[in-house]
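An overview of the molecular structure
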Amino acid sequence: MSYDTIIRNGRWFDGTGAPSAVRTIGIRDGHVAAVTADHLDETGCPQVIDATGKWVLPGMLDIHTHYDVEVLGGPSLSESLRHGVTTVMLGSCSLSTVYVDGSDAGDIFGRVEAIPREYVIDTVDHHKTWSDGEEYIAALESRPLGPNIAAFLGHSDMRAATMGLDRATRKDERPTRGEQARMEAMLAEALAAGFVGMSSQQLLFDKLDGEVCRSRTLPSTYAKPRELRRLKSLLRRSGRILQSGPDIENPANLGSQLLQSLGIIRNPLKTSLLSAADVKSNPIAVKMLGPAARLINRLGGNFRWQHLPVPFEVYADGIDLVIFEEFGAGAAALHLRDEVERNELLEDEAYRRRFRKEYESKFGLRVWHRDFFDAEIVDCPDTSVIGKSFGQVGRDRGGVHPVDAFLDLVVEHAHALRWRTTISNHRPEVLKKLARDSGIQMGFSDAGAHLRNMAFYNMGLRLLRHVRDAERAGRPFMSIEHAVHRLTGELADWYRIDAGHLRVGDRADVVVIDPEHLDEVLDRYAEEEVAQYGGLSRMVNRNDDTVTAVFVGGRAVFLDGELTELVGTHRTGRFLRAAHKAPALGAPESVLAHVG
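Residues numbered from 1 in each chain as written. Predicted model: local features only at pLDDT ≥ 70, side-chain atom pairs only at ≥ 80, totals over all residues. Heavy atoms only, no water.

You'll find the protein chain entered in an unreviewed UniProt entry as Amidohydrolase 3 domain-containing protein, with Mycolicibacterium hippocampi given as the organism.

In structure tokens form, the structure reads like this:
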């Protein structure tokens, strides 16, 4: 009996959390055909990989990306592939490209996700051939997809396409009965096509780009309770998922997002909410997140927080960083696109007084710790400030306030000033508790967004390193098997997609990892041009000695530090429809079987 690929003598993890073991795996026709402790006959097998000393696990899932634009013009999504991610979720945070045109997509994605607006417009207008969810799936599968794709339908996408972006972002406007019915029909069709659910957003510091609606919040934030109830009722009836972000400044909104999962006299609403984080600005809040989720679930709900299991380090060029959107002075600067006009504002003393006052305010929930002493300058034409904080620069300049030191450097150097800070997940012991909490999911990578502020493509590898290092130090906080399960099978089962497992009969999405290279290289970053964005440089991770092989559907996409010739030329991934088995590529669609 011949195989297309044999991976021999690796430490095999099946994605269920069961004990790992040294096994040899045989792959045939895109599926796992054998898992055995014995030798497999390699006669006629064109590809044999010796995985001795390495880990062989299911391809990881990334449940929170913003690849919705990139997948149209660059469907290989190779940055995820090279880090062992074989399934990615589109449509997060109310944003998708199923219904909006290029101009509206540019306004919605450009500023929120820091993808240049002109490229969003050009990409969507050039590639869009679909008018509903089923046609969107067909369009994706006509491309040379690298990883598998699953998707939410974005509430802001539906609202803007139905009402028009201007009306959809006005407080005094509500959808007409016909528009409400149209949104419900959009969602119902997408759910029938196999979307995992709907994403919405109530967080108020995500702002629109463009001219007409510039600096308004996302369309979904303007939805009234009736509109939301009717859309959520479709999710309840179908058992699909709401992914959302609460208005963190409104405790009632946060509480209602938790309670909606219960159902009480209705079906429970499966809810995935942003986000569980150990935020520097509020170290107490994290203690309530896990217990709140566990309580809701004990009472009959089905609720999960999304969590980035690594320190949340952000980079910025000048003042262009989303954390400034959460207070008035920062948002006022980001509202201005013209550099001369913006600099005039930043130099204005009345504006600086306002900025200093808001910077020093310690009241209310917020994301950024607002501490310029905790912000390191990593690049600047004035080399004397590199390696220093803005607070230290202020002291060096005779006791200048940290805000003024920051604004002075922004005015002088604009985007040539590069700095970084960590806003959350900075305490390893707290990260350990979050990583094993049953009410928390591993997610929130933001892959495909924030090109100049590194997304966390390798967050799965970094979690595995954390677990492995603790185990070697004799202070384990969870098993490697449990960590692999959290990154693979647990997510696939909750979202009801055919991924995340590596057993006989499963599709062969596989990653081979060298645990000896789960080391400090995971923390480094490099620069890589993005061809479809005009060669714009993107911050990326590079840990090609850590991931030695990646397979999608049994086909090698990454080997020995290099993408294979299949990537970008042949389709290896497919759209994973919720609650359906996914056949191997080339199998007839009649093979699709509903799995409940």
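Moving on from the model shown.
On to the sheet that holds strand β6 (residues 60-62). Strand order in this open sheet of eight strands is β6-β7-β8-β9-β10-β11-β12-β16, and the pairing throughout is parallel. The open sheet has two edge strands with one neighbour each: β6 and β16 (440-442). Taking each pair of neighbouring strands and ignoring which way they run, the sheet shows an average axis angle of 30°. Sitting on the sheet, helix α10 (residues 251-259) is in contact with β10 (241-244), β11 (270-274) and β12 (303-307), with an inclination near 120° to β12. Helix α19 (residues 480-487) rests against β6 and β16 of the sheet, and its axis sits at about 85° to β16. (Pairing = 2+ DSSP bridges. Helix = DSSP H or I, 4+ residues; strand = E, 2+ residues; numbered from the N terminus. Axes fitted to C-alpha atoms, helices over the stretch in contact; angles between N-to-C directions. Contact = heavy atoms within 4.5 Å.)

Another point: a negative patch on the surface. Residues D338, E339, E341, E344 and E347 make up a contiguous surface patch of negative charge. Here E339 lies in helix α13 (residues 339-347). On the basis of relative accessibility, which here comes to 45%, the residue E339 falls in the partly exposed class. (Patch = residues over 30% accessible without salt bridge, like charges linked within 9 Å, V, L, I, M, F, W, Y side chains within 5 Å. Areas by Shrake-Rupley, 256 points an atom, 1.4 Å probe, with all protein chains shown as cover. Salt bridge = Lys/Arg side-chain N within 4 Å of Asp/Glu carboxyl O. Lys, Arg positive; Asp, Glu negative; His and termini not counted. Charge placed at Lys NZ, Arg CZ, Asp CG, Glu CD. Buried < 20%, exposed > 50% of the residue type's maximum accessible area, 1.4 Å probe, protein only.)

A side chain of one charge can pair with a side chain of the opposite charge if their charged atoms are brought near each other. What the rule picks out here adds up to 48 salt bridges. Put simply, R167 and E179 hold a salt bridge, and the shortest N to O gap is 2.7 Å. Placement of the pair is R167 in helix α7 (residues 165-168) and E179 in helix α8 (residues 177-193), with a sequence separation of 12 residues. A residue is classified by how much of its surface remains accessible, and R167, at 23% relative accessible area, is partly exposed.

In this section: the domain arrangement of the protein chain. Splitting the protein chain by domain gives domain 1 (5-58 + 508-563), domain 2 (61-313 + 424-494) and domain 3 (317-420). When each unit is reduced to the centre of its C-alpha atoms, the spacing between domain 1 and domain 2 is 27 Å. Between domain 1 and domain 2, the residue contacts involve 45 residues of the former and 40 residues of the latter. Buried surface at the junction of domain 1 and domain 2, both sides included, amounts to about 3,700 Å², of which 57% is carbon and sulfur. The largest per-residue losses of area from domain 1 upon contact with domain 2 belong to Q532, Y533 and R538, which jointly make up 19% of the total buried on that side. Our enumeration of links across domain 1 and domain 2 arrives at eight salt bridges. Among the salt bridges present, the one from R538 reaches E70, with a minimum N-O distance of 2.9 Å. Inspection of the region where domain 1 meets domain 2 yields 23 residue pairs in polar contact (both at pLDDT 80 or more). Residue assignment for the side of domain 1 that touches domain 2 shows that the elements contributing at least two residues are β5 (55-58), β17 (510-513), β18 (526-530), β19 (536-540), β20 (547-552) and β21 (555-559). Take the side of domain 1 that touches domain 2: its biggest share by element is five residues, from β19. (Domains from an automatic or database assignment. Buried area = accessible area lost by both parts, 1.4 Å probe. Polar contact = N/O pair within 3.5 Å; in protein donor to acceptor, adjacent residues only side chain to side chain.)

This part takes up the packing of α8 against helix α9 (residues 225-238). One can describe the packing of α8 onto α9 by two numbers: an axis separation of 10 Å at closest approach and a directional angle of 20°. Between α8 and α9, the angle falls in the class roughly parallel. Every pair of crossing elements has a handedness; the one defined by α8 and α9 is right-handed. Together, Q180, M183, E184, L187, A188 and L191 of α8 and R226, E227, R230, L231, L234, L235 and S238 of α9 make up the contact between the two elements. For the contact of α8 with α9, the residue count by class is seven nonpolar, two polar and four charged. (Parallel < 35°, antiparallel > 145°, perpendicular 65-115°, else oblique. Left-handed = near helix turned anticlockwise from the far one by under 90°. Nonpolar A, V, L, I, M, F, W, Y, C, P; charged D, E, K, R; others polar.)

Turning our attention to the pairing of β11. Counting buried positions along β11 gives five out of five residues, so the element sits mostly inside the fold. Burial of β11 is two-sided: the residues K270, S272 and L274 facing one way and the residues T271 and L273 facing the other way are all buried. Strand direction decides the pairing type here: β10 and β11, joined by four bridges, are parallel. Bridging from a neighbouring strand, S244 pairs with L273 of β11. Regarding topology, α10 serves as the crossover connection from β10 to the parallel β11, and that connection is right-handed. Note that β11 and β12 share four bridges and pair parallel. Counted as the bridge partner of S272 is R304 from β12. Handedness of the β11-helix α11 (residues 286-298)-β12 crossover: right-handed. (Right-handed = clockwise from strand over helix to strand, strands pointing away.)

Let us look at the UniProt feature "domain: Amidohydrolase" (unreviewed entry) in the protein chain. Per the UniProt entry, the sites bearing "domain: Amidohydrolase" (unreviewed entry) are residues 47-220 in this numbering. End C-alpha to end C-alpha, residues 47-220 measures 49 Å, and it is 38% helix and 15% strand. (UniProt positions renumbered as here; feature names shortened; annotations may be inferred.)

Before going further, it helps to examine the sheet that holds strand β13 (residues 312-317). Ordered in space as β13-β15-β14, the three strands form an open sheet in which the pairing is antiparallel. If you trace the sheet from one side to the other, it starts and ends with β13 and β14 (376-379), each paired once. In this sheet, neighbouring strand axes are inclined to one another by 35° on average, regardless of whether the strands run parallel or antiparallel. Of the strand pairs in this sheet, β13 and strand β15 (residues 418-424) are connected by six bridges, and their pairing is antiparallel. The partner of A316 across the bridge, within β15, is W419.

Note that A449 resides in the loop between β16 and α18 (459-472). Judged by relative accessible area, A449 falls into the buried class, the value being 1%. Residues A449 and A151, 298 residues apart in the sequence, show an inter-C-alpha distance of 16 Å. Beyond its immediate chain neighbours, meaning those up to four positions away, A449 contacts H66, E113, I115 and A455.

Turning to the side chain of T221, a few remarks are in order. For T221, the position within the fold is in the loop between β9 (197-199) and α9. For T221, a relative accessible area of 18% corresponds to the buried category. If near-sequence neighbours (up to four positions away) are discounted, T221 is found in contact with Q201, Q202, L203 and L204.

Moving on, we come to the environment of T271. Tracing the backbone shows T271 in strand β11. Every residue in contact with T271, bar those within four places of it in the chain, is listed here: L242, Q257, Q260, S261, N302, F303, R304 and W494.

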